[in-house]
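So you can see what is in the structure, the chains are spelled out below.
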Amino acid sequence: MPRPIQAHIDLSALQHNLHLARRATSARIMAVIKANAYGHGLLRVAEALKAADGFALLDINDAVRLREAGYRQTILLLEGFFTPDDIPLLAEYDLACVIHNAQQIAMLDAYPRRGSLQVWLKVNSGMNRLGFAPQEVPAVMEQLKAHPAVRDITLMTHFSHADETSGVAAQLEVFNALSAPYRVARSLANSAALLRYPATHADWVRPGIMLYGASPFAETSAQQLGLQPVMTLHSEIISVRELKAGDYIGYGGQFRAETTMRVGVVACGYADGYPRHAQTGTPVLVQGQRTRMLGRVSMDMLTVDLSAMPTAAVGNRVTLWGDGLPVEEVAHAAGTISYELLCALTARVPVYS
Ligand SMILES: *Cc1c(COP(=O)(O)O)cnc(C)c1O
């Protein structure tokens, strides 16, 4: 038997979350499946989300795999191409690509095949990560419209604050002003903007995290939004012991028992992707009942408090996050966000659906 840790992917929850996105917008939906579909498995997720109008990811090899698996939707490379060698593949597999800098346009100039590429021109409306400055857009648009290799142009931008109260207003205004002169498709919204700012929906929305059933907002839970968690990380208790007052647990003796306690050791550690920075008190479910993690997370194990669970025993099921325990809560206790926990699941954890 392998170690008891496994991640379950609930395909019907994925579909439920896609339907929820559909009900929230009339825009086309580009399902974001970068980072191995936020750790959920690229092809598994694409199959469950095959009703999406497009898929967005980063790796050209993954994009080719999707095409070869038979998906006919728009497939968008969110960082575009990195070398001129990638460009013929874009044409051959009809992959749309983001163009975000002048170096990429220069590489395109060397590619002669006419009308073969769908381009998403990325504009920096305030995030200051990728994209052309608003004042560069008129010249770049003229260049791309006149470019023999370019078939179709979509204008896009990405929000830096859509999940916070400061919102999207400033970036939306910049983008609307610069895109107004052009009759091209437009795309702005991530999950947070899709859920909260209908004025950003335009022609294509690009939800990621909400499809996986986690909330993009710190103050609103996934359940309040009607989202269903997709990944449940679960394992088992592999050892139970009693501690006396004054005993310590694990590396560094970070947790000290104040009274007699019952504790369980769970087969899950940071080498599985559980956050090492999770603190004592991070929620965990044992047989569906909520308790807390104790002390420091080790590479392959962590310890939980069973003092209120006198019948808990070796072999009991432990939920680290997912069904009954929102991944956002675990992320919060570890000083991070759900995105990081989901996509940090490591290759040694078997994933099934
Ligand atoms: C990752 C990403 C998204 C999806 O963001 P979520 O917050 O997961 O919805 C959308 N657009 C771009 C450009 C991205 O990189």
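Residues numbered from 1 in each chain as written. Predicted model: local features only at pLDDT ≥ 70, side-chain atom pairs only at ≥ 80, totals over all residues. Heavy atoms only, no water.

Examining the pattern of salt bridges
Line of reasoning, step 1. Under the definition given, this model contains 14 salt bridges.
Line of reasoning, step 2. The closest approach of N and O atoms between D247 and K244, which form a salt bridge, is 3.7 Å.
Line of reasoning, step 3. Take D247: its relative accessible area is 22%, and that puts it in the partly exposed class.
Line of reasoning, step 4. Residue class for K244 comes out exposed when judged on its relative accessible area of 57%.
Line of reasoning, step 5. Through salt bridges with shared partners, a single network forms among R3, D272, D300 and R348. (Salt bridge = Lys/Arg side-chain N within 4 Å of Asp/Glu carboxyl O. Buried < 20%, exposed > 50% of the residue type's maximum accessible area, 1.4 Å probe, protein only.)

Details of unusual backbone geometry
Line of reasoning, step 1. The backbone phi angle of A202 is positive, close to 50°, even though this residue is not glycine.
Line of reasoning, step 2. Since its relative accessible area comes to 28%, A202 is described here as partly exposed.
Line of reasoning, step 3. Within the chain, Q287 stands out as a residue other than glycine whose phi angle is a positive 50°.
Line of reasoning, step 4. Topologically, Q287 is positioned in the loop between β14 (283–286) and β15 (289–294). (Helix = DSSP H or I, 4+ residues; strand = E, 2+ residues; numbered from the N terminus.)

Some details on the side chain of Q118
Line of reasoning, step 1. Within the fold, Q118 resides in strand β6 (residues 117–122).
Line of reasoning, step 2. Overall, the relative accessible area of 14% leaves Q118 in the buried class.

Re the pairing of strand β3 (residues 54–57)
Line of reasoning, step 1. Neither face of β3 is left uncovered, since the one carrying G54 and A56 and the one carrying F55 and L57 both have all their residues buried.
Line of reasoning, step 2. Across three bridges, strand β2 (residues 28–32) lies against β3 in parallel orientation. The residue bridging V32 from the neighbouring strand is A56, located in β3.
Line of reasoning, step 3. Relative to strand β4 (residues 74–77), β3 runs parallel, the two being bridged by four bridges. Looking at the pairing, L57 lines up with L77 of β4.
Line of reasoning, step 4. Each parallel crossover has a hand, and the one from β3 via helix α4 (residues 60–68) to β4 is right-handed. (Pairing = 2+ DSSP bridges. Right-handed = clockwise from strand over helix to strand, strands pointing away.)

A few points about the domain arrangement of the protein chain
Line of reasoning, step 1. What the domain assignment reports for the protein chain is domain 1 (11–214) and domain 2 (231–352).
Line of reasoning, step 2. Taking the mean C-alpha position of each, domain 1 and domain 2 sit 37 Å from one another.
Line of reasoning, step 3. Contacts between the two partners involve nine residues from domain 1, matched on the other side by ten residues from domain 2.
Line of reasoning, step 4. Between domain 1 and domain 2, the buried area comes to about 730 Å², and carbon and sulfur atoms account for 66% of it.
Line of reasoning, step 5. Taken together, the connections running from domain 1 to domain 2 amount to one residue pair in polar contact (both at pLDDT 80 or more).
Line of reasoning, step 6. Residues that form the side of domain 1 that touches domain 2 fall into these classes: five nonpolar, three polar and one charged. (Domains from an automatic or database assignment. Contact = heavy atoms within 4.5 Å. Buried area = accessible area lost by both parts, 1.4 Å probe. Polar contact = N/O pair within 3.5 Å; in protein donor to acceptor, adjacent residues only side chain to side chain. Nonpolar A, V, L, I, M, F, W, Y, C, P; charged D, E, K, R; others polar.)

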